[in-house]
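# Chain and residue survey
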Amino acid sequence: MQIQTVGIIGAGTMGNGIAQACATSGINVVMVDISEAAVQKGLATVAGSLDRLIKKEKISAADKEAALAKITVSTDYSALKAAQLVIEAATENEALKIKILQEVDALVGPEVLIASNTSSISITKLAAVTGRADKFIGMHFFNPVPMMALVEVIRGLQTSDATHAAVQALAQQLGKTPITVKNGPGFVVNRVLIPMINEAFFVLAEGLATAEDIDAGMKLGCNHPIGPLALADMVGLDVCLAVMNVFLEQFGDSKYRPCPLLKEYVAAGRLGRKTGQGVYTY
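Quick notes on the rules
Residues numbered from 1 in each chain as written. Predicted model: local features only at pLDDT ≥ 70, side-chain atom pairs only at ≥ 80, totals over all residues. Heavy atoms only, no water. Core = buried A, V, L, I, M, F, W, Y, C linked by side-chain atoms within 4.5 Å. Buried < 20%, exposed > 50% of the residue type's maximum accessible area, 1.4 Å probe, protein only. Helix = DSSP H or I, 4+ residues; strand = E, 2+ residues; numbered from the N terminus. Contact = heavy atoms within 4.5 Å. UniProt positions renumbered as here; feature names shortened; annotations may be inferred. Polar contact = N/O pair within 3.5 Å; in protein donor to acceptor, adjacent residues only side chain to side chain. Pairing = 2+ DSSP bridges. Right-handed = clockwise from strand over helix to strand, strands pointing away.

### Points about the nonpolar core
- With 35 residues, the main nonpolar core has Val6, Leu85, Met139 and Phe141 as its most contacted residues.
- With 6 residues, the top contributor of residues to this core is helix α1 (residues 13–23).
- Discounting chain neighbours no more than four positions away, the residues touching methionine 139 are Leu85, Ile87, Ala115, Ser116, Asn117, Val151, Glu152, Ile154, Val167, Leu170 and Ala171.
- By size, the runner-up hydrophobic cluster in this structure holds 27 residues, among which are Phe201, Leu241, Leu271 and Tyr280.

Put into structure tokens, the structure is as follows:
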């Protein structure tokens, strides 16, 4: 299947990032969200990101205009009918994702592929709520999408070889490096990453070192480009907590219990960069 138009549900951080990656690769984009304000904010974010690339002399002003011309926005799901692939990039909430996917499944043609950008929810389970489980797949991008090279392509139990091949080819067309992953809690990257972040919170809570020294230790000792606590702030502490809760529920193993300090920060609304304060203040 040749994917010429991609529909994206959600104009937030992940949605507008995916839109930018598609548009700069010459693919038409239909970006949908619940309000005109949301889609316009998403479009403005893409424009701002492209402006930064112009300042770095990585693209030209003409490249920016060409990319923006590839993106149309709407608050109506019917606009997604033009797409060969629809990527759901809504908030990491299983009930919300199921509701959205069922609405999209009922609306678009039977040949259309559907992907979820979920970072932890079962692709097999999400596929099962649609009438096209063989055409359903996980496509987990990483933040910030325009900069990060990786895409986890997650096969549910029902995903067909043709669906997998089409989505893998699209990821490569976007200049990304796809890795194929079987369905499982947290897939590969978050299965390793989020427990490490959770452990960093335990180290911080126990007072073994300051946040700055924990992050410096992991950067200098393990050659990580960013420390786990600063990364948690970038990902969102609420997202980290949600993933740990999924692990605890799915595996039933106490080693996946969320750190009480992480829970405390989330309860206080200190979610990281997006709220201006997490482990660090921004």
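Read on for the rest.
### Here's the deal with the UniProt feature "site: Important for catalytic activity" (unreviewed entry) in the chain
- Here the UniProt-annotated "site: Important for catalytic activity" (unreviewed entry) positions come out as His140.
- Relative to the helices and strands, histidine 140 is located in strand β6 (residues 136–141).
- Apart from residues no more than four positions distant in its own chain, histidine 140 is found in contact with Ser116, Asn117, Thr118, Ser119, Leu150, Val151, Glu152, Ile154 and Asn190.
- One polar contact links histidine 140 to glutamate 152, side chain to side chain, over a distance of 2.8 Å.

### Details of the pairing of strand β7 (residues 150–155)
- Two strands pair when backbone bridges link them, and β6 and β7 are joined in this way by 4 bridges, in the antiparallel orientation. Note that in β7 the partner of histidine 140 across the bridge is glutamate 152.
- Sheet topology places β7 next to strand β8 (residues 177–182); 6 bridges connect them, and they run parallel. Across the sheet, isoleucine 154 pairs through a bridge with valine 181, a residue of β8.

### Some thoughts on the pairing of strand β4 (residues 85–88)
- Here β4 shows two buried faces, one formed by Leu85 and Ile87 and the other by Val86 and Glu88.
- Pairing of strand β1 (residues 5–9) with β4, which is carried by 4 bridges, proceeds in the parallel orientation. The residue of β4 that forms the bridge with isoleucine 8 is isoleucine 87.
- Bridge count for β4 against strand β5 (residues 113–116) is 4 bridges, and the pairing is parallel. If you follow leucine 85 over to β5, its bridge partner there is leucine 113.
- A crossover links β4 with its parallel partner β5, the connecting element being helix α4 (residues 94–107), and its sense is right-handed.

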